[in-house]
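Descriptive structure summary
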Protein chains: 4
Amino acid sequence: MMKTLNLSGIFPPLPTAFDRNENLCAEKIQFNIKCLSHYDLSGYLILGSNGEQVMLSEAEKAETVAAAREAAGAGKILLAGTGGQSTRETIRLTKSAASEGADAVLVINPAYYKGQMTQQALVSHYSDVADASPVPVVVYNMPACTGMDMSAQTIIEMSKHPNIIGLKESGGNLVKMGEVLHGSKEGFQVLAGGAGFLLPALATGAAGGILALANIAPAHCIDIYRSFRNGDMDRARRMQLSAIALNGAVTSKWGVPALKAAMDHLGLYGGPVRRPLLPAGDEIMRALTELLNDEAVNIYTINE
Amino acid sequence: MMKTLNLSGIFPPLPTAFDRNENLCAEKIQFNIKCLSHYDLSGYLILGSNGEQVMLSEAEKAETVAAAREAAGAGKILLAGTGGQSTRETIRLTKSAASEGADAVLVINPAYYKGQMTQQALVSHYSDVADASPVPVVVYNMPACTGMDMSAQTIIEMSKHPNIIGLKESGGNLVKMGEVLHGSKEGFQVLAGGAGFLLPALATGAAGGILALANIAPAHCIDIYRSFRNGDMDRARRMQLSAIALNGAVTSKWGVPALKAAMDHLGLYGGPVRRPLLPAGDEIMRALTELLNDEAVNIYTINE
Amino acid sequence: MMKTLNLSGIFPPLPTAFDRNENLCAEKIQFNIKCLSHYDLSGYLILGSNGEQVMLSEAEKAETVAAAREAAGAGKILLAGTGGQSTRETIRLTKSAASEGADAVLVINPAYYKGQMTQQALVSHYSDVADASPVPVVVYNMPACTGMDMSAQTIIEMSKHPNIIGLKESGGNLVKMGEVLHGSKEGFQVLAGGAGFLLPALATGAAGGILALANIAPAHCIDIYRSFRNGDMDRARRMQLSAIALNGAVTSKWGVPALKAAMDHLGLYGGPVRRPLLPAGDEIMRALTELLNDEAVNIYTINE
Amino acid sequence: MMKTLNLSGIFPPLPTAFDRNENLCAEKIQFNIKCLSHYDLSGYLILGSNGEQVMLSEAEKAETVAAAREAAGAGKILLAGTGGQSTRETIRLTKSAASEGADAVLVINPAYYKGQMTQQALVSHYSDVADASPVPVVVYNMPACTGMDMSAQTIIEMSKHPNIIGLKESGGNLVKMGEVLHGSKEGFQVLAGGAGFLLPALATGAAGGILALANIAPAHCIDIYRSFRNGDMDRARRMQLSAIALNGAVTSKWGVPALKAAMDHLGLYGGPVRRPLLPAGDEIMRALTELLNDEAVNIYTINE
């Protein structure tokens, strides 16, 4: 029988740390994991979109998984992004991540040949990967990066595979999320891919979220989650609404460079991005600092 | 001081009734209103997208408002769609609807000259209309029909006008809805424009919904709303998820022809659509009938 | 047997003239027609997108056609835009335009119910209109305004109707234009809907163009057309490339307000736009004036 | 002083050959090059979109360049695709391709972080790559695969770099192509990225094309090019229109699997695709065979 994994709660998608020469600094990822270990996070995602995974070599990816596993310890779930453009590369990355200690893999869909990515092609791809994977597979839908949006029906088909246990949905389409939750197998776990729609997703039946914002405001994200679980909808809604602007700044608006800049500002390690990404400029820094000083948002602090 | 209006709860956007020659049948609209009056609906929208308003002459629109007002009685709120492509036409329709008895007007944005519909142009338009309107104005954002999506910032600007009291948001972007609720004036009321995202919208702070589904499953929609208000999130979620397929069938998938066919099937008056809309064909009717027989959805029945 | 009409050459889509109170000034349209009559234009389009037709009442439309017919005289083809959202309105407008003197009608597709505008619905609509029309029908595809793009296959189906004689294609997709020219009936005439792709369209087999730019640079547009016809591809290409920037300014970039401002600047009558369109501001005027002073473009002058 | 390279004429973008286990078969690429060497092609592109480059390892890419160089001989230009998601990977691939014998590199833009791919980021990226490249750089814009479209202004900025000599434009927007040709430096060479708009592109000033169709109908593509250059516009147009359907079948419609199937059908080596691409099924094969039998298209034959 296939293993399953409880994905409830909040996961930060950790950025990958680089030095001034854009070289990998795995120990800085470990530093961030230790800083974030004081929060009641369910685990960590590495090598996701915030992890600049498309910029890393296979060797760098393996090193990142190993380092994160060491720092995370046994009590936290470690998810690793392993989606590539070919099925063979995805399987290779998946096996590598599992052998380095990932508890499950997050697999973004191939999207270069958009016109050929029919439901049949996508379901076959995920099925091949899930057959070969030693650990459970989570489907990753991220239209803002892939330029395509997998349909509810396609994801429902994928959910029939025993080793495909969930979905990270970053598109923010709540109707589709409802369709997936209604049509997929019992126990299929949907995670919100952005803090901007965490509460609507929870209301619809999501198990939790993998949230860039959880890198810099972990307690705030956990508070939305817990308030909802405890039935305190007013608090959940208030926390949700106050989080949207900062979340937008470090995701859709200014992306990974802003997330890393915010982490540096807070005493975590953000560090440089890999080109063609450019570091956050002065204007972004000013706007970002203002958002980080908003008292309605419960931001990470070193002494916390 | 400007009047306000409590828009909480559920409103069906009534279709406009035509006979076999596609001529207006205002008394059939009155018939539908009477059928639906047995439910705890907050009121009715006429001349919305489901009302085929773009197909009606100004005289037909006035006749529709007058007939609906008569049938609705004093206890129900009557909203009327009055948005046209020019500011002058919109003002003319708004004044007419108010004089025929509409309690508020729902104004879709002009969208033909998409490239010129800047924030400045849109805010000026709504401001001119709201200045001239004898009744409160509700902004209507409907990207699936207009081919454009008004931004949160634009709507927040509009909300500053004292006679603009709310938004019907049919795009289903919950992040944007959160931004609007966070940034607009105290008391600005957001209504979900589709049952597919009613519960996520309520969780985010929406006051209610204007829902095509409420024409054929009014009790079901009201149940989602009340369960949420009563804190019964499990029931609300279960009802929400079971409604998505039928709702999709009579909106995004097969549109007004399917909604009218479903109404005919249930003993309400659906009747013909105006061309270029085509009546629902046999295949759609079969799929629709199956959805209407789903026991998880609480469908309108004559004897209820 | 149905009439046909030779649509070769260049047509300006005339703006509709308004006074300071946004009221129709039909004699100013006549003034513009007289100014433009010194050029070898094939005729005029009225009530197109540049004619703000969505902002006009039916009575205003009839008055516009009559005035334009009077001014144009017998030697020029008069095309009138008559597409509405319903088939019945489109037929009514078509009959009115024909009775007021239009030689053919240009029918934009209904696009409010985008989800229901299947090939079947669109072909039925155009067929019904063409059956009822006393004059030939030209299909009008304008994705930037309608938010949808009719496919080559749909247009090829339409072209089978004996009273549908051509297409104004404003989307600028040359592959699709090639498919239409390859698949439609012998003699079906395709017109470029924008000067930005006039020469590529002619190379693919277009008969001519209906070009906003022809209002302010008629000789320049005619020169591209004639150079191509005469086999002087180098001149045609040089003229084509030099026209793109000014054309973009008065179409996709700043639209009808900029076109009217340019006409005022040149001694034609531009005049006000109807709201929600806003008049071209100072910044646009400066950029526009610079473009109008570019010596590579052969601009309208009063004394010409 | 930087080298330049004359990119006039027709280039096929060769598929990458795999065996039944999806392993690279470099000698089959050499076989195809030999088959195509009987035509007056200007050279070959390897590792483009038709070369499944996103599916290949760096070692496989180097092997492919070396093999193609050997087979192509000195008289043909060899272009190699070297764009990756990071600047460092792109530079590494570029240096490798140059050292294995590529005459120029074709660099697709990074597009994963679409929201951050501002003009500044893109121009910096291409500038860094062009600085480091031992051979000339051709910019590659391919919206159907990247999900984003680089603007004319961005490409014009890039064209200022002395080592950036041209653009392969696969988006088919002829207005934009005109803007690029008008605004870029003297001698900047634009190539059509698809046979569906070859003639319109040539009319606008393109130097030639890199055309999937040239793998299976090289003489036909060359004929369009030569007829245009010789001023025989009627023949050019006739050949252009007859090529669109087959070209669409092996590109936008059915993609690389159909291209490979067509090559197998004609006696060239197509062979398997890498998953998640799926082989062309029976229905596609039937439609494809019919298109290949169309006598209006001058198809590759073994004995030619």
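These figures come from a predicted structure and were not determined experimentally.

Conventions we followed
Residues numbered from 1 in each chain as written. Chains lettered and ligands numbered in written order. Predicted model: local features only at pLDDT ≥ 70, side-chain atom pairs only at ≥ 80, totals over all residues. Heavy atoms only, no water. Least-squares fit on C-alpha atoms with pLDDT ≥ 70 in both. Contact = heavy atoms within 4.5 Å. Salt bridge = Lys/Arg side-chain N within 4 Å of Asp/Glu carboxyl O. Helix = DSSP H or I, 4+ residues; strand = E, 2+ residues; numbered from the N terminus. Buried < 20%, exposed > 50% of the residue type's maximum accessible area, 1.4 Å probe, protein only. Expected span 1.5 Å × (residues − 1). Arc of directions from axis to C-beta. 1 Å grid on protein atoms, 1.4 Å probe; cavity = no way out; pocket = protein on both sides within 12 Å on 5 of 7 lines; lining within 4 Å. Points joined across faces, edges and corners; volume = space filled by probe spheres on them. Nonpolar A, V, L, I, M, F, W, Y, C, P; charged D, E, K, R; others polar. Pairing = 2+ DSSP bridges. Axes fitted to C-alpha atoms, helices over the stretch in contact; angles between N-to-C directions. Polar contact = N/O pair within 3.5 Å; in protein donor to acceptor, adjacent residues only side chain to side chain. Buried area = accessible area lost by both parts, 1.4 Å probe. Phe/Tyr/Trp six-rings, centres within 6.5 Å; stacked < 30°, edge-to-face > 60°. pLDDT = per-residue confidence, 0-100. Parallel < 35°, antiparallel > 145°, perpendicular 65-115°, else oblique. Left-handed = near helix turned anticlockwise from the far one by under 90°.

Some thoughts on the relation of the copies chain B and chain C
You can overlay chain B on chain C at an RMSD of 0.0 Å; the transform is a turn of 180 degrees with a shift of 0.0 Å along its axis. The operation mapping one copy onto its partner corresponds to a two-fold rotation axis. Closest to the rotation axis within chain B is the C-alpha of Gly147 of chain B, separated from it by 2.4 Å. Take the interface residues of chain B: 100% of them recur as interface residues in chain C, which is what a same-surface contact looks like.

Quick word on the pattern of salt bridges
Within the structure shown, the criterion is met by 52 salt bridges over all chains. Across the salt bridge formed by Lys260 of chain C and Glu52 of chain C, the nearest N and O atoms sit 2.6 Å from each other. Taken as a pair, Lys260 of chain C in helix α11 (residues 255-266) and Glu52 of chain C in the loop between β2 (43-46) and α2 (58-72) lie far apart in primary sequence, 208 residues in all. Across this residue pair, the class does not change: Lys260 of chain C and Glu52 of chain C are buried. With a closest N to O distance of 2.5 Å, Glu58 of chain C and Arg92 of chain C form a salt bridge. Of this pair, Glu58 of chain C sits in helix α2 while Arg92 of chain C sits in helix α3 (residues 87-100); the two residues are 34 residues apart in sequence, bridging distant segments of the chain. Several salt bridges share partner residues, and in doing so they unite Glu22 and Arg275 of chain A together with Arg88 and Asp128 of chain D into one network.

Thoughts on helix α4 (residues 119-132) of chain B
All names here are of chain B. The end-to-end C-alpha separation of α4 is 20 Å, in line with the 20 Å expected for 14 residues at 1.5 Å each. All of the buried residues along α4 are Ala121, Leu122, His125, Tyr126, Val129 and Ala130. Buried residues in α4, looked at end-on, bunch into an arc of 160 degrees, giving them a common side. In α4, the exposed positions angled more than 90 degrees off the buried face are occupied by Gln120 and Asp131.

What about the relation of the copies chain D and chain A?
The operation relating the pair of chain copies consists of a rotation about an axis and a translation along that axis. Note on the identical chains: chain D maps onto chain A by a rotation of 180 degrees and an axial translation of 0.0 Å, with an RMSD of 0.0 Å. A share of 100% of the interface residues of chain D reappears at the interface of chain A, consistent with the copies meeting face to face through the same patch.

Here's the deal with empty space enclosed by the protein
Empty space among the atoms becomes apparent when a probe as large as a water molecule is rolled across them. All names here are of chain C. According to the stated counting rule, one finds eight cavities of 30 Å³ or more in the structure shown. The space that makes up the largest cavity amounts to roughly 50 Å³. Looking at the lining of the largest cavity, the elements that each hand over two or more residues are α2 and α3. When residues in the lining of the largest cavity are grouped by element, the largest group, four residues, is from α2. By residue class, the composition of the lining of the largest cavity is five nonpolar, three polar and two charged.

As for the sheet that holds strand β7 (residues 189-192) of chain B
All names here are of chain B. Strands sit in the order β1-β8-β7-β6-β5-β4-β3-β2 across an open sheet of eight strands; the sheet is parallel. Two strands lie at the open edges of the sheet, namely β1 (9-11) and β2 (43-46), each paired on one side alone. Within this sheet the neighbouring strands show an average axis-to-axis angle of 25 degrees, counted without direction. Here β1 runs beside strand β8 (residues 208-210); their pairing, made up of three bridges, is parallel. Across the sheet, Gly9 pairs through a bridge with Gly208, a residue of β8.

Quick look at the side chain of Glu22 of chain B
As for its position among the elements, Glu22 of chain B is in the loop between β1 and α1 (26-36). On the basis of relative accessible area, Glu22 of chain B is assigned to the buried category, the value being 10%. There is a polar contact of 3.0 Å between the side chain of Glu22 of chain B and the side chain of Arg275 of chain B. Those residues in contact with Glu22 of chain B, other than ones at most four positions away along the chain, are Val273, Arg274 and Arg275 of chain B together with Arg88 of chain C.

Things to note about the interface of chain D and chain A
Taken residue by residue, the interface counts 43 residues in chain D and 43 residues in chain A. Roughly 3,300 Å² of surface becomes buried between chain D and chain A when both sides are summed, with 57% attributable to carbon and sulfur atoms. The largest share of the area that chain D buries against chain A comes from Arg88, Tyr112 and Tyr113 of chain D, three residues that together contribute 24% of it. Linking chain D with chain A are four salt bridges, by the criterion used here. Note that Glu22 of chain A is salt-bridged to Arg88 of chain D, the shortest N-O span being 4.0 Å. In this structure, the connection of chain D to chain A is made through 22 residue pairs in polar contact (both at pLDDT 80 or more). Of all the secondary-structure elements, those providing two or more residues to the side of chain D that touches chain A are α3 (87-99), α4 (119-132), α5 (143-146), α10 (233-253) and α11 (255-266) of chain D. Top contributing element to the side of chain D that touches chain A by residue count: α4 of chain D, with four residues.

Observations regarding helix α9 (residues 218-229) of chain C
Given a rise of 1.5 Å per residue, 12 residues ought to cover 16 Å, and the 17 Å separating the end C-alpha atoms of α9 of chain C matches this to within 8%. By the criterion of burial, α9 of chain C is predominantly enclosed, with 10 of the 12 residues buried. Buried residues of α9 of chain C: Pro218, Ala219, His220, Cys221, Ile222, Asp223, Ile224, Tyr225, Ser227 and Phe228 of chain C, and no others. Residues of α9 of chain C that are buried make contact with β1 (9-11), α1 (26-36), α8 (198-204), β8 (208-210) and α10 (233-253) of chain C together with α10 of chain D. A positive backbone phi angle near 80 degrees is found at Gly231 of chain C, which sits one or two residues after α9 of chain C.

Quick look at the interface of chain B and chain C
Every contact between the two is made by 43 residues of chain B and, on the other side, 43 residues of chain C. A per-residue breakdown of the area chain B buries against chain C is headed by Arg88, Tyr112 and Tyr113 of chain B, which together make up 24% of the total. At the surface where chain B touches chain C, the tally comes to four salt bridges. One salt bridge in this structure joins Arg275 of chain B and Asp128 of chain C, with 2.7 Å as the shortest N-O distance. Listed by contribution, the elements that provide at least two residues to the side of chain B that touches chain C are α3 (87-99), α4, α5 (143-146), α10 (233-253) and α11 (255-266) of chain B.

As for the environment of Val105 of chain D
All names here are of chain D. The topology assignment puts Val105 in strand β4 (residues 104-108). A sequence separation of 12 residues divides Val105 from Leu93, and the C-alpha atoms of the two residues are 9.4 Å apart. In contact with Val105, other than residues within four places in its own chain, are Ala80, Thr82, Thr94, Ala97, Ser133, Val135, Pro136, Val137 and Val138.

Examining the sheet that holds strand β5 (residues 137-141) of chain C
What holds strands together in a sheet is hydrogen bonding between their backbones, with the strands either parallel or antiparallel. All names here are of chain C. If you trace the eight strands from one edge of the open sheet to the other, you get β1-β8-β7-β6-β5-β4-β3-β2, paired in parallel fashion. Every interior strand has two partners, whereas the edge strands, β1 and β2, have only one. Averaged over all pairs of adjacent strands, the angle between strand axes in this sheet comes to 25 degrees, irrespective of strand direction. Its contacts with the sheet put helix α4 (residues 119-132) on β4 (104-108), β5 and β6 (164-169), and the angle it makes with β4 is roughly 160 degrees.

Remarks on the packing of aromatic side chains
Residues and elements named next belong to chain C. In this structure the tally under the stated criterion is eight aromatic pairs over all chains. Ring plane angle 50 degrees and centroid distance 6.1 Å describe the contact between Tyr39 and Tyr300, whose orientation is recorded as tilted. Here Tyr39 is found in the loop between α1 and β2, whereas its partner Tyr300 is found in the segment after α12 (282-292), with 261 residues between them in sequence. Overall, Tyr39 belongs to the buried group, its relative accessible area being 9%. Note on Tyr112 and Tyr113: the rings are 5.0 Å apart at their centroids and 85 degrees apart in plane angle, and the pair reads as edge-to-face. When sorted by exposure, Tyr112 lands in the same class as Tyr113, which is buried.

Thoughts on the arrangement of the chains
Separated without contact, chain A and chain C have their nearest C-alpha atoms at a distance of 17 Å. Separated throughout, chain B and chain D approach each other most closely at a C-alpha pair spaced 17 Å apart.

Remarks on the confidence of the model for chain A
Overall, the prediction assigns chain A a mean pLDDT of 97, with 98% of residues at 70 or greater. For this predicted complex, the interface confidence score (ipTM) comes to 0.97, while the overall pTM stands at 0.97.

Considering the packing of α3 of chain D against α4 of chain D
All names here are of chain D. Taken N-terminus to C-terminus, the directions of α3 and α4 make an angle of 30 degrees; their axes are 9 Å apart at the nearest point. The angle between α3 and α4 places the two elements in the roughly parallel class. Judged by the sense of rotation from one axis to the other, the crossing of α3 with α4 is right-handed. For the pair α3 and α4, the contacting residues are Thr87, Thr90, Ile91, Thr94 and Lys95 in the first and His125, Asp128, Val129 and Ala132 in the second. The residue inventory of the contact of α3 with α4, partitioned by class, reads three nonpolar, four polar and two charged.

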